[in-house]
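# A structural walkthrough
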Amino acid sequence: MKEEIKAEIIKQLEKDIPEVSQVKQKIKLEIPKEDRFGDLSINVAFLLARFLKKKPVEIANQIKQMLEELPYFSKVEVAGGGFVNLFLSKEYYRDVLKQILKEKDRYGAALKKNRGRINVEFVSANPTGPLHLGHGRGAVVGNVQSNLYDYLGYKVEREFYINDAGRQIKKLGESVYARFRQIDQPDYPFPEDGYHGDYIKEIAQHLYRYEKEKILSFVDEKQAVDFCSEFAKEMLLEKIKEDLKEFGVEFDIWFSEKKLYTSGKVEEAIRFLKEKGMIYEKEGAVWVKTTLYGDDKDRVIIKSDGSYTYFAGDIAYHYDKFKRGYDSIVNVWGADHHGYFPRLKAAVMAFGVPEDWIKVMFIQLVKLFRNGQEIKMSKRSGSFVTLKELIEEVGKDAVIYFFLTKDSNTHLNFDIDLALKKSSENPVYYVQYAHARICSVFREAKERFGFDPEQDFEADINLLKEEQERILMKHLAMIPDLIKEAGEKQQPHKLTQITYDLASDFHYYYNHFKFLTKDDESLMRARLYLLKGIREALRTLFKLMGITPVERM
RNA sequence: GCGCCCGUAGCUCAGUAGGAUAGAGCACCGGUUUCCGGGGCUGGGGGUCGCAGGUUCAAAUCCUGCCGGGCGCGCCA
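The structure presented is a predicted model; accordingly, all values stated were derived computationally and were not measured. (Residues numbered from 1 in each chain as written. Chains lettered and ligands numbered in written order. Predicted model: local features only at pLDDT ≥ 70, side-chain atom pairs only at ≥ 80, totals over all residues. Heavy atoms only, no water.)

What follows is about the domain arrangement of chain A. Segmenting chain A into domains produces domain 1 (2-88), domain 2 (94-110 + 423-545) and domain 3 (167-246). The straight-line distance from the C-alpha centre of domain 2 to that of domain 3 is 53 Å. (Domains from an automatic or database assignment.)

The 3 strands lie next to each other as β8-β9-β10, forming an open sheet whose pairing is antiparallel. Among the strands making up the open sheet, the edge pair consists of β8 (279-282) and β10 (299-302). Recorded for the sheet is a direction-independent mean angle of 45 degrees between the axes of neighbouring strands. Relative to β10, strand β9 (residues 285-288) runs antiparallel, the two being bridged by 3 bridges. Bridge pairing in β10 links Val288 to Arg299. Helix α13 (residues 310-323) contacts β9 and β10 of the sheet and is inclined by roughly 85 degrees relative to β10. (Pairing = 2+ DSSP bridges. Helix = DSSP H or I, 4+ residues; strand = E, 2+ residues; numbered from the N terminus. Axes fitted to C-alpha atoms, helices over the stretch in contact; angles between N-to-C directions. Contact = heavy atoms within 4.5 Å.)

Here we come to the protein's contact with RNA strand B. Not every one of the 44 residues close to RNA strand B is listed here, only the nearest: Lys33, Arg36, Ser41, Phe83 and His338. In the environment of RNA strand B, a base oxygen lies 2.8 Å from a nitrogen or oxygen atom belonging to the backbone of Ser304. One nitrogen or oxygen atom from the main chain of Asn409 is found 3.5 Å from a sugar or linking oxygen belonging to RNA strand B. Residue assignment for the surface near RNA strand B shows that the elements contributing at least two residues are β4 (83-88), α7 (167-184), β9 and α20 (494-512). Looking at the surface near RNA strand B element by element, the count peaks at 6 residues for α20. The class makeup of the residues in the surface near RNA strand B is 12 nonpolar, 19 polar and 13 charged. (Near = heavy atom within 4 Å. Polar contact = N/O pair within 3.5 Å; in protein donor to acceptor, adjacent residues only side chain to side chain. Nonpolar A, V, L, I, M, F, W, Y, C, P; charged D, E, K, R; others polar.)

Going through the model one piece at a time under the given rule, you end up with 38 salt bridges. The residue Glu121 makes a salt bridge to Lys321 at a minimum N-O spacing of 3.2 Å. Taken together, the residues Glu121 in strand β5 (residues 117-121) and Lys321 in helix α13 connect sequence positions 200 residues apart. Note on Glu121: relative accessible area 4%, which makes it buried. Residue Lys321 is classed as buried on the basis of its relative accessible area, which comes to 0%. Overlapping salt bridges bring together Asp164, Glu230, Lys233, Glu234 and Lys258 as one network. (Salt bridge = Lys/Arg side-chain N within 4 Å of Asp/Glu carboxyl O. Buried < 20%, exposed > 50% of the residue type's maximum accessible area, 1.4 Å probe, protein only.)

With that settled, consider unusual backbone geometry. Within the chain, Ser124 stands out as a residue other than glycine whose phi angle is a positive 40 degrees. Along the chain, the position of Ser124 falls in the loop between β5 and α6 (133-152). Exposure remark for Ser124: the relative accessible area of 14% places this residue in the buried category. Residue Gln490 is not a glycine yet carries a positive backbone phi of 55 degrees. Examined against the element boundaries, Gln490 turns out to sit in the loop between α19 (467-488) and α20. Accessibility expressed as a relative area gives 23% for Gln490, which makes it partly exposed.

Here the focus is the nonpolar core. In this structure, Phe414 and Leu528 are the most contacted members of the largest nonpolar core, which totals 125 residues. Ranked by residues supplied to this core, first place goes to helix α21 (residues 521-545) with 13 residues. In this structure, Leu260, Ala312, Val353 and Trp357 belong to the second largest nonpolar core, which totals 37 residues. (Core = buried A, V, L, I, M, F, W, Y, C linked by side-chain atoms within 4.5 Å.)

Put into structure tokens, the structure is as follows:
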């Protein structure tokens, strides 16, 4: 809605100041930090100063007069040496509330998905063990970013790349096979760098119970290991799917790395790069000229022993995505892979896509804290907390919310004690409490006055004369823009901030005003009307994050 | 050595496609409420935005150099 107003402002200004068209791109209509600077603020006077050879303040005063003619504003002020501050009118707020109640928990969302197709690939954990916290953070960030794209009007596809080829999977099979053999023969050697977790033993026991004859019947031990690999991988993948589903994350596409090799897609991609002149041979290996697109050295895709590198598979994978015709793709990766991006980007650029076609969001480490002490994790010894365990301990909503509190590219300290607190110190509790409180007020209204705010009703918002009510309405009006900004900038963590701020303004309102007053029923209705708008805005935010809008605490 | 990320209040962090007096939560101090040493409400103190230059009407934000911390730099996946 900011965009609408901005367009109107520009149209209005261009009537008398043709120079506006020259600075159009740099005009910023923003939400000022301080309430007294208005609901919106525009910087256009600074930009015009150079062209009109006048002081910003003078221009601002001229602009002020022109903008006062527009219907949106109740007041226009000049301040800060040339800012033009705009105060929205009651009529505008009335329209905002109407819109919220109409759009409900998709308040402000694009109605049509016509901005293009985006693919978001995330989690993509090796199916060699349970999901850990880093995967969980990636799952939340990827999922919420996908929700944001949907909100913005893109058609989104969520994808999980299954690393089911290569050494990891072989190692998995060897580990399971060893555990299987150890059941009858305890001194059977366990591979040096095998997977130690108990889940490997569980899989082995399962195989021992149901597939023992089959495994022992293989003539070649390698076949037995392959069988174990395949079985364990499928089983672990199922587990991963279940965990993610419980976490509210579902994928549209499960893409197998192995199939890239068996279906000839790797050869196809290499052939394509060859046509583009990106491929050459040196020292018995085949290389890609990634330096043509900014990488610091060329990279091998076929080793001198004739086998492919991981990079070859990844090029083929992205070539496949390219051919699927997405307008843009996003990869959510662990931050330790950041050094890998330039070479992948270089290969992808060779496809002939625009500079910003591929984006990567990096996920930094999650550290767990309990009683102020870090819980050290060691995957080797098997002593690490899985995503599932954390969810079981503090609940899905807290995990999601905490994973979203900080920019994904910064380290996150997860305080288990805080996540468990049932008080306003705990931000998840605090925001959910705001929603539950409104529900509770509505229940009371029905019980005490026989007036059910859950039903549709009309109200006169001109009765909302308190300062805090104006602040809340303004806040509601801005929410779609705040969400859109979070989505455009790939900063899903901003949603927690937006939600917290709204909850905070609501709690303040709740603590200072009575909603259920017998003596002034029309005021009661107006306030409940506002509460209903707040609740829908909260629901919109909760839905984007995947958090439950609880009705009672 | 090269590259990427981070450095903001005592702590954990927001804020960085330049914008007005740099924000929040916790902790700390005060007022108030409650049966309450807990909880709620409310007010307050607290900052050389790592350092030093530069660009600009305007820099936490952009540029350069340095300091400190993390990560990455394979014909590994």
